[in-house]
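Analysis of the macromolecular model
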Amino acid sequence: MRKLFFFISVLLLSLSSKAQIKTDSIPKKEQSIEELDTILDEPIQLEEVIVYKEKLTPEERKQFLLLQNRVYKVYPFAKTAAERLTVLNKNMDKMKTNKEKKKYFKIVEDYMENEFTGQLKKLSRKQGQILVKLIYRQTGYTTFDLIKDHKNGWKAFWSNNTAKLFDINLKTKYLPYEVNEDFLIESILDRAFNRGRLVAQKSPNPVDIDELTDYWQKKAKK
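Per chain, residue numbering runs from 1 following the sequence as it is written. Totals for whole chains, interfaces and linings use all residues, but because this is a predicted model, local features are given only for residues with pLDDT of at least 70 and pairs of side-chain atoms are given and counted only at 80 or more. To obtain the side-chain values, all non-hydrogen atoms of the structure were included, while hydrogens and water were left out.

Our focus in this paragraph is the overall build of the chain. In this text, helices come from DSSP runs of H or I with a minimum length of four residues, and strands from runs of E with a minimum of two, each type numbered from the N-terminal end. Looking only at helices and strands, one finds nine helices and two strands in the chain. Secondary structure of the chain in N-to-C order comes out as α-β-β-α-α-α-α-α-α-α-α. Only protein chains enter the accessibility calculation, which uses a 1.4 Å probe; a residue is then buried when its area is under 20% of its type maximum, exposed when over 50%, and partly exposed in between. Across the 222 residues of the chain, 45% fall into the buried class. Looking at the chain alone, contacts between residues at least 24 apart form 78% of all its contacts between residues at least 6 apart. The contact definition used throughout considers only heavy atoms, calling two residues in contact when any of these lie within 4.5 Å.

Attention now moves to helix H8 (residues 180-195). An ideal rise of 1.5 Å per residue puts 22 Å on 16 residues; H8 measures up with 23 Å between its terminal C-alpha atoms. Taken together, the buried positions of H8 are Asp182, Phe183, Leu184, Ile185, Glu186, Ile188, Leu189, Ala192 and Phe193. Remark: Gly196 follows H8 within two positions and exhibits a positive phi of approximately 80°. The span one expects for a helix is its residue count, reduced by one, times 1.5 Å.

We call Phe, Tyr and Trp rings a pair once their centres come within 6.5 Å, taking the six-membered ring for Trp, and we label the pair stacked below 30 degrees between planes, edge-to-face above 60, and tilted otherwise. In the structure shown here, the tally under the stated rule is four aromatic pairs. Geometrically, the ring pair formed by Phe183 and Trp216 is stacked, given 5.7 Å between the ring centres and 15° between the ring planes. Pair noted here: Phe183 is in helix H8 and Trp216 is in helix H9 (residues 209-221), with a separation of 33 residues, a long-range link. Note on accessibility: Phe183 and Trp216 belong to one class, buried. Lys171 extends its terminal NZ or CZ atom over the ring of Phe144, reaching a point 4.6 Å from the ring centre. The positively charged end of Arg197 is found above the aromatic ring belonging to Tyr72, 4.2 Å away from the centroid. Consider the ring centre and the ring normal. A charge sits over the ring if Lys NZ or Arg CZ is within 6 Å of that centre and within 35 degrees of that normal.

The next point concerns the nonpolar core. With 34 residues, the main nonpolar core has Leu131, Leu134, Ile185 and Leu189 as its most contacted residues. At the level of secondary structure, the elements contributing two or more residues to this core comprise helix H2 (58-94), helix H5 (125-139), H8 and H9. Per element, the largest residue contribution to this core is 11 residues, and it comes from H2. Those residues within four positions of Leu134 in sequence are excluded, and the remaining contacts are Val71, Val74, Tyr75, Ala78, Ile185 and Leu189. Take the buried residues of types Ala, Val, Leu, Ile, Met, Phe, Trp, Tyr and Cys, join any two whose side-chain atoms come within 4.5 Å, and each joined set is a nonpolar core. Residues Val132, Phe144, Ile147 and Ile168 belong to the second largest nonpolar core, which totals six residues.

Turning our attention to the pattern of salt bridges. A side chain with one charge may pair with a side chain of the opposite charge, provided their charged atoms come close. A carboxyl oxygen of Asp or Glu within 4 Å of a side-chain nitrogen of Lys or Arg is what we treat as a salt bridge. Overall, the coordinates contain six salt bridges when judged by the stated rule. A salt bridge links Lys79 to Glu83, with the shortest nitrogen-to-oxygen separation between them at 2.9 Å. Pair noted here: Lys79 and Glu83 are both in helix H2, with a separation of four residues, about one helical turn. For Lys79, a relative accessible area of 16% translates into the label buried.

Before going further, it helps to spend a moment on the packing of H2 against H8. One way to put it is that H2 packs onto H8 with a least axis distance of 10 Å and a crossing angle of 65°. On the basis of their axis angle, the class for H2 and H8 is roughly perpendicular. Of the two elements, H2 crosses H8, and the hand of that crossing is right-handed. Listed contacts from H8 to Phe64, Leu67, Gln68, Val71, Tyr72 and Tyr75 of H2 are Glu181, Leu184, Ile185, Ile188, Leu189, Ala192 and Phe193. Nonpolar residues are Ala, Val, Leu, Ile, Met, Phe, Trp, Tyr, Cys and Pro. Charged residues are Asp, Glu, Lys and Arg, and all others, Gly as well, are polar. A breakdown of the residues in the contact of H2 with H8 according to their chemical character gives 11 nonpolar, one polar and one charged. Angles here are taken between N-to-C directions and fall from 0 to 180 degrees, while the axes themselves are lines fitted to C-alpha atoms, restricted in helices to the stretch in contact. Our angle categories are set so that under 35 degrees counts as roughly parallel, over 145 as roughly antiparallel, 65 to 115 as roughly perpendicular, and the remainder as oblique. Less than a right angle of anticlockwise turn of the near helix away from the far helix marks a crossing as left-handed, whereas a clockwise turn marks it as right-handed.

As a further point, take the confidence of the model for the chain. Should the pLDDT be low somewhere, the predicted coordinates at that spot are not to be read in detail. Residue-level confidence of the predictor is what pLDDT reports, using numbers from 0 through 100. Across the chain, the average pLDDT comes to 75, with 64% of residues at 70 or higher. The spread of mean pLDDT over the elements of the chain runs between strand S1 (residues 50-51), the lowest at 51, and H8, the highest at 95. Here residues 13-48 is a poorly scored stretch, pLDDT under 50, and it has 74 contacts once near neighbours within four places are set aside; other chains count.

Moving on, we come to the environment of Trp216. We classify Trp216 as buried; its relative accessible area is 6%. Through-space distance from the C-alpha of Trp216 to that of Asn180 is 8.2 Å; in sequence the pair is 36 residues apart. At 2.7 Å, the side chain of Trp216 and the backbone oxygen of Pro176 are in polar contact. Polar contact criterion, stated in full: a pair of N or O atoms within 3.5 Å, where within protein one must be able to donate a hydrogen and the other to accept it, and residues adjacent in sequence count only if both atoms are side-chain atoms.

As for its position among the elements, Leu66 is in helix H2. You can call Leu66 buried: its relative accessible area is 2%. The sequence separation of Leu66 and Lys126 amounts to 60 residues, and the corresponding C-alpha distance is 9.9 Å.

If you want it as structure tokens, here you go:
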């Protein structure tokens, strides 16, 4: 888990030695949603939600709300991670020697100690796993592969096994056509983008939400 926090934090950091990271770079409205796992016994207000053109039961609505809040919580991190990864790759490509790259990466690690690590450590296990999925959605790579590419295979292996102790698999992909939860996440994101709740970011593998919804609707009828 520690390695997971480290790598995601690295992606979230400024990749210039003179840059300063400010948490207000993430819209405050995207930081305001709190995890509701600990207050499931409290009344939850939720606008009518329809999946497969059918209304959800009260319990299904409650679980959907939990998922929605988890997505709201971690999507900004995944979005920022994709942006930082692009900058990281561009800056690393400009460096000619391994010595320069190591020195540069050390600067990033130093920033990590004082920035996003604290926020990431507060994520629940469920939020952490959804974050791994959304990082794949936004970058096209699993968190495991990103660590492997930017560190080495051995560290990626141990990072994955450490994360498994916390029920987080760094090799998890985002598969909205195969995994029902991923379909629901895509639906939540599409709705949030259209309403301005979250800021959309182009995905390497864009999904047609209407086509996706129709696919799951037909699947549900079988």
